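Summary of structural features
Read off the chains here:
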Amino acid sequence: MSDIFTAIKDLCTSLGSEFWSALAGAIVGGLIALLIQRQEQRASRKEREDDRKMEAKSHAYSLLFKTISIHSSLKHIKAHIEECLELAKQKNIASISAVLLPIANLPTPVEFAPAEMAMLLSLKDDDTFNSLVSLDKIHNSIIPVWSLYEAKRAAIPTQGGNHIFDKTEGRGEFDVERGSHLEAAIFELEMIAKELVRRAEQDFADADLAMKRLVPLLNDRLKLGVGVTDK
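The structure displayed is predicted, hence computed values, not measured ones. (Residues numbered from 1 in each chain as written. Predicted model: local features only at pLDDT ≥ 70, side-chain atom pairs only at ≥ 80, totals over all residues. Heavy atoms only, no water.)

This next bit is on the overall build of the protein chain. If you tally the helices and strands in the protein chain, you get five helices and two strands. Secondary structure elements of the protein chain, listed N to C terminal, follow the sequence α-α-α-α-β-β-α. Each of the 231 residues in the protein chain was classed as buried or not, and the buried ones make up 28%. (Helix = DSSP H or I, 4+ residues; strand = E, 2+ residues; numbered from the N terminus. Buried < 20%, exposed > 50% of the residue type's maximum accessible area, 1.4 Å probe, protein only.)

So, on to the confidence of the model for the protein chain. In this model, the protein chain carries an average pLDDT of 82, and 71% of its residues clear a pLDDT of 70 or more. Confidence, expressed as mean pLDDT per element, reaches its minimum in the protein chain at strand β1 (residues 161–166) with 56 and its maximum at helix α3 (residues 126–132) with 97. (pLDDT = per-residue confidence, 0-100.)

Attention shifts here to the side chain of Glu116. Following the sequence through the fold, Glu116 ends up in helix α2 (residues 114–122). Taking the relative accessible area as the measure of exposure, Glu116 reaches 4% and is therefore buried. Once you skip the residues sitting within four places of it in the chain, Glu116 turns out to touch His59, Ser62, Leu63, Lys66 and Glu111. (Contact = heavy atoms within 4.5 Å.)

This part covers the nonpolar core. Leu100, Met119, Leu120, Trp146 and Leu218 are the most contacted members of the largest nonpolar core, which has 42 residues in total. Tallying contributions element by element places helix α5 (residues 181–222) first for this core, with 15 residues. (Core = buried A, V, L, I, M, F, W, Y, C linked by side-chain atoms within 4.5 Å.)

Counted according to the given criterion, the structure contains one cavity of 30 Å³ or more. For the lining of the largest cavity, the secondary-structure elements that each account for two or more residues are α1 (2–91), α4 (135–155) and α5. Broken down by class, the residue content of the lining of the largest cavity amounts to six nonpolar, no polar and two charged. (1 Å grid on protein atoms, 1.4 Å probe; cavity = no way out; pocket = protein on both sides within 12 Å on 5 of 7 lines; lining within 4 Å. Points joined across faces, edges and corners; volume = space filled by probe spheres on them. Nonpolar A, V, L, I, M, F, W, Y, C, P; charged D, E, K, R; others polar.)

Here we come to α2. Buried residues of α2: Glu116, Met117, Met119 and Leu120, and no others. Take α2 and look down its axis: the buried residues cluster within an arc of 155 degrees, on one side only. (Arc of directions from axis to C-beta.)

In this section: the environment of Lys53. Along the chain, Lys53 turns up in helix α1. For the pair Lys53 and Leu222, spaced 169 residues apart in sequence, the C-alpha to C-alpha distance is 7.7 Å.

What follows is about the packing of α4 against α5. It is the contact of α4 with α5, at a shortest axis distance of 10 Å, that shows an interaxial angle of 155 degrees. Judged by the angle between their axes, α4 and α5 are roughly antiparallel. Where α4 crosses over α5, the two elements pack in a sense that is left-handed. Residue-level inspection shows Leu135, Ile138, Ser141, Ile142, Val145, Trp146, Leu148, Tyr149, Lys152 and Arg153 of α4 in contact with α5, the latter providing Glu188, Leu189, Ile192, Ala193, Leu196, Arg199, Asp203, Asp206, Ala207 and Ala210. Among the residues making up the contact of α4 with α5, the classes are represented as 13 nonpolar, one polar and six charged. (Axes fitted to C-alpha atoms, helices over the stretch in contact; angles between N-to-C directions. Parallel < 35°, antiparallel > 145°, perpendicular 65-115°, else oblique. Left-handed = near helix turned anticlockwise from the far one by under 90°.)

All chains considered together, the criterion is met by eight salt bridges. Among the ionic pairs, Glu116 bridges to Lys66, the shortest N-O distance being 3.1 Å. You can see Glu116 sitting in helix α2 and its partner Lys66 sitting in helix α1, a full 50 residues away along the chain. We classify Lys66 as partly exposed; its relative accessible area is 23%. Residue Asp203 pairs with Arg199 through a salt bridge whose shortest N-O separation is 2.8 Å. One end of the pair is Asp203 and the other is Arg199, both in helix α5 and four residues apart, which spans about a single turn. The exposure class of Asp203 is buried, given its relative accessible area of 4%. Taking relative accessible area as the criterion, Arg199 reaches 14% and is therefore assigned buried. (Salt bridge = Lys/Arg side-chain N within 4 Å of Asp/Glu carboxyl O.)

Turning next to unusual backbone geometry. Non-glycine residue Lys124 carries a positive phi angle of around 60 degrees. Position of Lys124 relative to the elements: it lies in the loop between α2 and α3. For Lys124, a relative accessible area of 70% corresponds to the exposed category. In this model, Lys223 sits at a positive phi of 55 degrees, which is unusual for a non-glycine residue. Considering the arrangement of structural elements, one finds Lys223 in the segment after α5.

The subject of this paragraph is the packing of aromatic side chains. By the definition in use, this model includes two aromatic pairs. Ring geometry for Trp146 versus Tyr149: centroids 6.0 Å apart, planes at 85 degrees, classification edge-to-face. Remark: Tyr149 and Trp146 occur in helix α4; sequence separation between them is three residues, near one turn of the helix. We classify Trp146 as buried; its relative accessible area is 2%. (Phe/Tyr/Trp six-rings, centres within 6.5 Å; stacked < 30°, edge-to-face > 60°.)

So, in structure tokens, the structure goes:
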């Protein structure tokens, strides 16, 4: 065993100080290169993480703006209906379609993008996701119903006889023959009006719940720092 140690010692002595300096330099250089590589990897990971956060925030803002638009539109529809029903109550008018005026400027359709919903799903809040997953479809589905209602309501007076219009109250009256096609059309119009009233209440409640869940979630998980005031 002593012979082996002696041989190793002699070998190390024969290599000289230049060899050991070179070896030490190589080791130090390797360690420095390793540290630089790890720093670059950490910087790259941080950059990718920052990019993912920025992308998530971009989708979050887009989703929030669309949800606010839906909420505002459905609130406007609900307020319009409530105003018309209050008039019916004041005038003691039983027919909803007689007082429910069409909406002059209907909202435009809103579509949630797959990337926006994927971002929301990644936040792992099932209640919020379920509140929004069909909200755009709910909003968009009511727009053609209002268009249909406007068209059918506009066609009703042209089919009646003996028209009388009171410009002081903005009301018109006309004769309707019992059992006629016109009476059937008025009945159909009244059913659509009742459905619009029912949908206005339910749709706004859905949108309001979605807003109350979405804003705190985005602020908590993505630090958006936004506040939405209901005016």
